[in-house]
Amino acid sequence: MQTSQQTKSVDSVEETRLAAQAINVRKTYGSGDTVVRALDDLTVSFERGTFHAIMGPSGSGKSTLLHCLAGLDDVSSGDVFLGGVNLATLTEQERTVLRRTAVGFVFQSFNLIPTLTAEENVLLPSRLGGQKMDPEWLATLVRTLGLEDRLTHKPGELSGGQQQRVAAARAFATRPDVVFADEPTGALDSISGGSLLAFMREIVEKHEQTVVMVTHDPTAASYADRVVFLADGRIIDELSDPTADKVLDRMKTLGSHS
C-alpha cells in the first residue's frame, strides 16, 4: 500500500525529469448510452525544458487533455502529475496555489479581464501571488510580443490578435515551470504567430521552461521538439524533431485511426 507521501509524488528521478504526466487517464461526459469518452485510458509524459505540440482531428481530446494536465478540469479516472505532484492528492486551495505558481495557460478564448488594461492583465498572476514582476522580464515580453503601444488599452479596444498576445504575455509573466497553450496562434496573422512561436522556442531553450501546445497548424508544430497525435481520446503516434512537411504527412494518416 502506498503512503500519502508516495501518492503525492512520483519517483524522484521522474519528478526532476517530467514537467507533466498523465497516467491511464479517462475523461467522460454524460452517462449510459450518451456517454462521451473524451480521453480513453491515455498515458503521456512531457519532459522539462522541452516544447511539445498536441495535434489531432477535431474532437480528438486535445483541449480536454490540456485542461486536465493544467488542473483546470478533473479526470474521471487515472492520475495527473504536475512536477511530480499528483493533483488528486491536493485540496482545491492547494491546486489553485500550484496553478498560480507553476502553470501558465494561454486560452483559445483569451480569458482577459475586460475592466483591466493590457498591462494589468499581464501583471495579474504576479499580483495574485503577492509577487513583484521583474521589470526587465516584463519589458522583454512586451517588446517580443509587440505590445509597447497597447499596454494602456483594455481588451475591448484590442484586436483578437492583440488580445492573444496579451494572453501569451500573461501566461509567461511569472516564468512558470510549464505553459499550456490552446491554439495560441489561432487568432494571429502569420507574422505575429511566427513571433510568438519563436518566443516560445527561445523561452524553452534559454530558460528551460516547458511548453505544451495544442495546434492544428503543421508550421506551428514544427517549432516543437516533439508532436503527439491524438484520435478518439487516445495517443496514436508521435514525432520527434518535426518539420511542417513531416507533420502534414503524418496528419494525413490520422483519418484511418478515427
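Our structure's up above, just so we're on the same page.
First, a word on scope: everything that follows refers to the structure included in this document. (Residues numbered from 1 in each chain as written. Predicted model: local features only at pLDDT ≥ 70, side-chain atom pairs only at ≥ 80, totals over all residues. Heavy atoms only, no water.)

1. Remarks on the overall build of the chain
Selection rule: Helical segments are the DSSP runs of H or I of at least four residues, strand segments are the runs of E of at least two, and each set is numbered from the N terminus. Note on method: radius of gyration uses C-alpha positions; expected globular size equals 2.2 Å times residues raised to 0.38. Any residue under 20% of the maximum accessible area for its type is buried, any over 50% is exposed, and the rest in between are partly exposed; the area is computed with a 1.4 Å probe on protein chains only. Only the protein chains shown count as covering a residue, and every accessible area follows the Shrake-Rupley method with a 1.4 Å probe. Lys and Arg are tallied as positive, Asp and Glu as negative. Neither His nor the chain termini are counted. Just so you know, the charge point we use is NZ for Lys, CZ for Arg, CG for Asp and CD for Glu.
Regarding its fold elements, the chain presents 10 helices and 10 strands. Relative to the compact-globule value of 18 Å for 258 residues, the chain shows a C-alpha radius of gyration of 18 Å, a close match. With the C-alpha coordinates aligned to their principal axes, the bounding extent of the chain is approximately 50 × 45 × 40 Å. Evaluated residue by residue, the chain yields a buried proportion of 47% over its 258 residues. As presented, the chain carries roughly 12300 Å² of accessible surface, and 48% of it is formed by carbon and sulfur atoms. Measuring between centres, the 25 positive side-chain charges of the chain sit 3 Å from its 34 negative side-chain charges.

2. Considering the nonpolar core
Cut-off, in case you're wondering: Only buried residues count toward a nonpolar core. Its members are Ala, Val, Leu, Ile, Met, Phe, Trp, Tyr and Cys residues joined through side-chain atoms within 4.5 Å.
Residues F172, M200, M213 and V227 are the most contacted members of the largest nonpolar core, which totals 44 residues. Core analysis: the second largest hydrophobic core is formed by 29 residues, V44, V80, L90 and V228 among them.

3. What to know about the pattern of salt bridges
Selection criterion: One speaks of a salt bridge when a side-chain nitrogen belonging to Lys or Arg is within 4 Å of a carboxyl oxygen belonging to Asp or Glu.
For the coordinates displayed, the defined rule picks out 14 salt bridges. Where D74 meets R95, a salt bridge forms, and the shortest distance between an N and an O atom there is 2.6 Å. Placement of the pair is D74 in the loop between α3 (62-69) and β4 (77-82) and R95 in helix α4 (residues 92-102), with a sequence separation of 21 residues. Overall, D74 belongs to the partly exposed group, its relative accessible area being 43%. For R95, a relative accessible area of 11% puts it in the buried group. Salt bridges sharing common partners tie together R26, R37, D40 and R234.

4. So, the sheet that holds strand β9 (residues 226-231)
The test is simple: Strands are treated as partners if at least two bridges between them are detected by DSSP. Only the stretch in contact is used when fitting a helix axis, every axis being a line fitted to C-alpha atoms; angles between N-to-C directions are given from 0 to 180 degrees. Contacts are assigned to residue pairs that have any heavy atoms within 4.5 Å of one another.
Within the open sheet, the 6 strands sit side by side as β6-β7-β8-β3-β9-β10. Their pairing is mixed. Since the sheet does not close on itself, it has two edges, and those belong to β6 (103-106) and β10 (234-240), each with one partner. Neighbour-to-neighbour, the strand axes of the sheet open up by a mean angle of 20°, direction not taken into account. Across 5 bridges, the pairing between strand β7 (residues 178-182) and strand β8 (residues 210-214) is parallel. For F180, the partnering residue across the bridge sits in β8 and is V212. Packing against the sheet, α3 makes contact with β3 (51-55), β6, β7, β8 and β9, and its axis sits at approximately 155° to β7.

5. Some points on the packing of aromatic side chains
We apply this condition: Centre distance within 6.5 Å is the pairing criterion for rings of Phe, Tyr and Trp, where only the six-membered ring of Trp is used; planes under 30 degrees apart are then read as stacked, over 60 as edge-to-face, and the remainder as tilted.
The tally for this structure, following the rule as stated, stands at 3 aromatic pairs. Between F105 and F180 the ring centres are 6.4 Å apart and the planes differ by 35°, which places this aromatic pair in the tilted class. Of this pair, F105 sits in strand β6 while F180 sits in strand β7, and the two are 75 residues apart along the sequence. Exposure class is identical for F105 and F180. Each is buried. Ring plane angle 80° and centroid distance 5.3 Å describe the contact between F172 and F199, whose orientation is recorded as edge-to-face.

6. Some remarks on helix α8 (residues 190-207)
Every α-helical turn comprises 3.6 residues, leaving residues that sit three or four positions apart pointing alike. Rules: Given the number of residues in a helix, its expected span is that number minus one, multiplied by 1.5 Å. In protein, a polar contact means a hydrogen-donor-capable atom and an acceptor-capable atom, both N or O and within 3.5 Å, with residues adjacent in sequence counting only if both atoms are side-chain atoms; elsewhere, any N or O pair within 3.5 Å suffices.
Across its 18 residues, α8 extends 25 Å between first and last C-alpha, which sits within 8% of the 26 Å expected from 1.5 Å per residue. The inward-facing, buried residues of α8 abut β3, α6 (135-144), α7 (160-172), β8 and α9 (218-221). Between the side-chain oxygen at the start of α8 and the backbone nitrogen of I191 there is a gap of 3.1 Å, and the oxygen is on D189. With its phi angle positive at about 55°, E208 sits one or two positions after the end of α8.

7. Description of the pairing of strand β1 (residues 18-29)
As judged from the 8 bridges shared by β1 and strand β2 (residues 36-47), these two strands associate in the antiparallel manner. Residue A20 lies in a different strand from β2, and its bridge partner there is F46. In this antiparallel pair of consecutive strands, β1 and β2, the connection spans 6 residues, and G30 shows a positive phi of 80°. Where β1 meets β4, 5 bridges bridge the pair, whose relative direction is antiparallel. What sits directly across from Q21, in β4, is F81.

8. Side note on the sheet that holds strand β5 (residues 85-86)
The sheet built from 4 strands is open, its strands ordered β2-β1-β4-β5 with antiparallel pairing. Of all the strands in the sheet, just β2 and β5 have a single pairing partner and so form its edges. Together, β1, β2 and β4 form the strand contacts of α3, whose direction differs from that of β2 by roughly 60°.

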